[in-house]
Every structure is written in structure tokens, then in C-alpha cells.
Amino acid sequence: MKRHTVIALMISAALSLPLGGCASTDDGSDHATKIDSALEHAASEASAKGDDQGSLALLERIYKRDPGNAGNALKYATALQDAGRSNRSVMILSPFIQNGKADRNAPLLVEYASVEASVGNYDSAAENARKATVADPKDGPAWHILGIALDAKGSHPEAEDAFRRALQNWQGDPSPVLNNLGLNLASQGFIDEAVDTLKKAVAMAPDRPEIERNLRIVTALQAQPGTHENKRVPTPPRKPDKTAKAGKSIVAGKEKKPGTLTAADKVDGGADKTVQAASGKNTEEKAADVAAKPDQPVAPVSVPNGHNT
């Protein structure tokens with residue numbers, strides 16, 4: 001039996017179920033709800049059988065019955081996105097975003113942000129994902145999409161924070177978030193930490209070749225010289241403020257008068273000579289001193305874009 005024939009039969013069955021079961025006392029609202037319920041059930045069955053086109057057609061029918069219904073619009077837009085029709089998905093969700101009706105609807109905001117990110121509109125994606133985190137601070141996908149958008153914009157530290165918030169609130173398999181966090185850490189130069197994070201992602205999703213590929217890429221970077229110095233280090237303590245007043249010098253609790261020398265000043269001026277000697281080093285000696293110092297930061301390492309949602 002051809003696919004379009006199956007779809008037609010499913011739609012026919014979906015429409016006949018509520019009509020046969022309607023009592024005479026049902027009002028128009030109940031009747032419409034039963035039709036939508038039957039169509040949605042048919043769409044779910046079509047999707048379960050692998051008939052994504054049939055499911056999409058049914059969800060479109062539900063949406064067109066009430067375009068102002070945010071729930072129906074979200075289901076249809078999600079199916080469109082899964083089918084690779086991102087532009088159509090944006091058109092379905094845009095009216096809810098533009099009139100502000102979705103400002104408290106975290107799932108709709110997340111879907112819209114996801115679609116915007118998929119077509120490269122990262123500013124819009126970040127804006128709407130952030131709105132979703134405000135509407136529901138425990139929405140893991142909202143933090144994840146926010147991290148992806150910020151990472152694409154080059155805001156790597158902020159993106160890292162978003163990815164970690166996503167992990168804290170994630171439901172189900174966190175391997176996509178771990179994958180993107182690993183790439184984010186690599187882009188900041190934290191190669192060892194990136195490798196450990198990607199290994200966790202591979203362990204949780206061994207059947208995802210894109211994560212395994214990202215692990216191989218970052219592991220290869222780990223083997224390159226000069227990639228282990230850029231580690232996380234504690235912020236150095238703030239230096240104490242100077243207490244001496246300008247124009248005055250205190251020696252042994254006494255005020256020094258301008259133009260006079262103290263006993264300390266008259267002692268061997270070897271310290272000044274040492275400074276002068278150090279400043280007289282040639283360029284090659286200075287470069288050798290700098291190279292000998294530990295924990296010198298290196299430039300962040302660029303990693304090919306391997307984000308996945």
C-alpha cells in the first residue's frame with residue numbers, strides 16, 4: 001500500500017473516532033478537542049511506525065485547525081525541525097515570539113532558540129534561550145542551547161557556565177552536553193580537562209561517532225608540545241595597598257626630609273647595581289629567562305566546530 005494511501009486512511013480513522021463517540025450534549029469545544037486528540041494519537045502512531053511524513057502531515061492538520069494554539073504550534077514546529085525544514089519551523093513559532101506570548105513558555109522558547117541556532121542566528125538564539133532560563137531556571141535544554149549560541153559567538157567562559165548549568169539540570173543522556181562542554185574547554189586551551197570530559201561523553205554514548213571523532217581530535221592536540229601549560233590556576237591574592245603618603249619616606253618610624261640621605265641610603269648600593277646589571281642583558285638572555293619561567297599561558301587552541309544538540 002502506498003504511503004499517501006496509508007496517510008489518508010489514518011486521517012479518515014482519526015476523524016471518524018470522535019464523530020462516532022460524540023454524545024448529543026457535547027458542545028463545539030469538546031468536539032474539537034476530541035478531533036485534535038484523535039489526530040494527535042494517529043500522528044504518534046505514524047511516528048512510532050517510522051512514517052515521519054505521515055506524522056508531520058497530521059501535526060500540520062492539527063496546527064491549521066487552531067494556529068493560535070501554542071502547544072499545537074510547538075509540536076508541529078518540532079516535527080518540521082526534525083524533518084530539516086528549519087525555515088518553516090521559524091515561521092510557525094515567530095508569531096508567538098514577536099507578540100511576547102511565549103516569554104513564559106520555556107519549551108517554546110527553547111525550540112525557537114534551537115531552530116535559530118541551527119540556521120546560524122546565534123544572537124537571536126542566545127536571547128531566546130536566556131529568556132527560557134528565566135522562565136524556568138531548571139530547564140536543562142535551555143541552558144544547553146544558550147551554551148551553544150554563546151560558544152558560537154566566541155563567549156567561551158560564559159558558554160562553559162551555561163553548559164555546566166545544563167548538566168546540573170539535565171534529564172536523560174547528558175552526552176550531547178558533555179560533548180559540547182569538552183569542545184568548549186578545548187577552545188579555551190584546557191586540553192587535559194577537555195579530553196577527560198569527552199571520554200565521559202564517549203562512555204555514555206559509544207554509538208555516537210561524532211563524539212568519538214571529537215575525542216580523537218582533542219587527544220591529538222593534547223600530544224602537541226606546549227598544550228599543558230594553560231591550566232586552571234587560583235586567582236592570585238590582591239597585593240596590600242601602600243600606606244605611605246606621597247612625597248614622604250618613613251625609615252625606622254621617622255620622617256625623612258627631602259634632599260637628605262638616610263643610613264640605609266648610604267649602605268652599599270649593590271641593589272641598584274643589580275637592577276642595572278639585569279636591565280643590561282641582551283635580547284637573547286631576556287628571551288631565555290622568559291622561556292625558563294613555568295606556567296606561562298599559551299594561546300587558546302582552535303578546534304573544528306563539532307557541536308551537536
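Residues numbered from 1 in each chain as written. Predicted model: local features only at pLDDT ≥ 70, side-chain atom pairs only at ≥ 80, totals over all residues. Heavy atoms only, no water.

(A) Region of the structure containing the overall build of the protein chain. Counting its regular elements, the protein chain contains 15 helices and two strands. Per-residue burial for the protein chain yields a buried fraction of 36% across its 309 residues. Counting contacts in the protein chain only where the partners sit at least 6 residues apart, residues at least 24 apart contribute 54% of the total. (Helix = DSSP H or I, 4+ residues; strand = E, 2+ residues; numbered from the N terminus. Buried < 20%, exposed > 50% of the residue type's maximum accessible area, 1.4 Å probe, protein only. Contact = heavy atoms within 4.5 Å.)

(B) Focus on the pattern of salt bridges. With the rule as written, the count across this model stands at seven salt bridges. When the shortest N-O distance is used, the salt bridge between aspartate 103 and lysine 131 registers 3.9 Å. Remark: lysine 131 occurs in helix α7 (residues 122-135) and aspartate 103 occurs in the loop between α5 (86-98) and α6 (106-118); sequence separation between them is 28 residues. Its relative accessible area of 38% is what places aspartate 103 among the partly exposed residues. In this structure, the salt-bridge partner of glutamate 210 is arginine 208, at a minimum N-O distance of 2.8 Å. Look at arginine 208 and you get partly exposed, because its relative accessible area is 23%. Connected via shared salt-bridge partners are Asp103, Glu127 and Lys131. (Salt bridge = Lys/Arg side-chain N within 4 Å of Asp/Glu carboxyl O.)

(C) Geometry of helix α8 (residues 140-152). Look at α8: 19 Å from first C-alpha to last across 13 residues, which is about the 18 Å you get at 1.5 Å a residue. Within α8, 11 of the 13 residues are buried, leaving the element largely enclosed by the surrounding structure. For α8, the complete set of buried residues consists of Gly140, Ala142, Trp143, His144, Ile145, Leu146, Gly147, Ile148, Ala149, Leu150 and Asp151. Its buried side turned inward, α8 meets α6, α7, α9 (156-168) and α10 (175-187). The N-cap residue of α8 is aspartate 139: its side-chain oxygen and the backbone nitrogen of alanine 142 are 3.1 Å apart. Of the residues flanking the end of α8, it is glycine 154, one or two places downstream, whose phi is positive at about 90°. (Expected span 1.5 Å × (residues − 1). Polar contact = N/O pair within 3.5 Å; in protein donor to acceptor, adjacent residues only side chain to side chain.)

(D) Expanded view of the nonpolar core. The biggest cluster of nonpolar side chains holds 61 residues, and the ones touching the most others in it are Tyr76, Ile92, Leu146 and Val218. No other element matches the eight residues that α6 contributes to this core. Residue contacts for valine 218: discarding those within four places in its chain leaves Leu183, Ala186, Ile191, Ala194, Val195 and Leu198. (Core = buried A, V, L, I, M, F, W, Y, C linked by side-chain atoms within 4.5 Å.)

(E) Representation of the confidence of the model for the protein chain within the structure. Here the protein chain shows a mean pLDDT of 75. Residues at 70 or above account for 62%. Within the protein chain, helix α1 (residues 3-21) has the poorest average pLDDT of any element, 39, and α9 the best, 98. pLDDT under 50 marks residues 265-281. Its contacts with residues more than four places away, or in other chains, come to six contacts. (pLDDT = per-residue confidence, 0-100.)

(F) Expanded view of the environment of tyrosine 122. Inspection of the secondary structure puts tyrosine 122 in helix α7. Remark: the alpha-carbon pair of tyrosine 122 and alanine 149, spanning 27 residues in sequence, is separated by 5.0 Å. If we ignore the near neighbours within four places in the chain, the residues touching tyrosine 122 are Ala117, Ala149, Ala152 and Lys153.

(G) Representation of the packing of α10 against helix α12 (residues 209-222) within the structure. Where α10 contacts α12, the axes come no closer than 11 Å and their chain directions differ by 20°. Classified by the angle between their axes, α10 and α12 sit roughly parallel to one another. Judged by the sense of rotation from one axis to the other, the crossing of α10 with α12 is left-handed. Here Ser175, Asn179, Leu183 and Ala186 of α10 come into contact with α12, specifically with Ile211, Asn214 and Val218. Residue composition of the contact of α10 with α12, by class: four nonpolar, three polar and no charged. (Axes fitted to C-alpha atoms, helices over the stretch in contact; angles between N-to-C directions. Parallel < 35°, antiparallel > 145°, perpendicular 65-115°, else oblique. Left-handed = near helix turned anticlockwise from the far one by under 90°. Nonpolar A, V, L, I, M, F, W, Y, C, P; charged D, E, K, R; others polar.)

(H) α6, seen in detail. With 13 residues, α6 extends 18 Å from end C-alpha to end C-alpha; this agrees with the ideal 18 Å at 1.5 Å per step. With respect to burial, α6 is a largely interior element, 11 of its 13 residues being buried. Turning to α6, its buried residues number three or more, namely Ala106, Leu108, Leu109, Val110, Glu111, Tyr112, Ala113, Ser114, Val115, Glu116 and Ala117. Looking at the packing, one finds that the buried side of α6 touches α4 (70-82), α5, α7 and α8. Regarding α6, its N-cap is asparagine 105, as a side-chain oxygen of that residue lies 3.2 Å from the backbone nitrogen of leucine 108 further along. Following α6 by one or two positions, glycine 120 adopts a phi angle in the positive range, close to 90°.

(I) Representation of the environment of arginine 130 within the structure. Looking at the secondary structure, you find arginine 130 in helix α7. We classify arginine 130 as partly exposed; its relative accessible area is 42%. Residues within four places of arginine 130 in sequence aside, it is in contact with Leu146 and Leu150.

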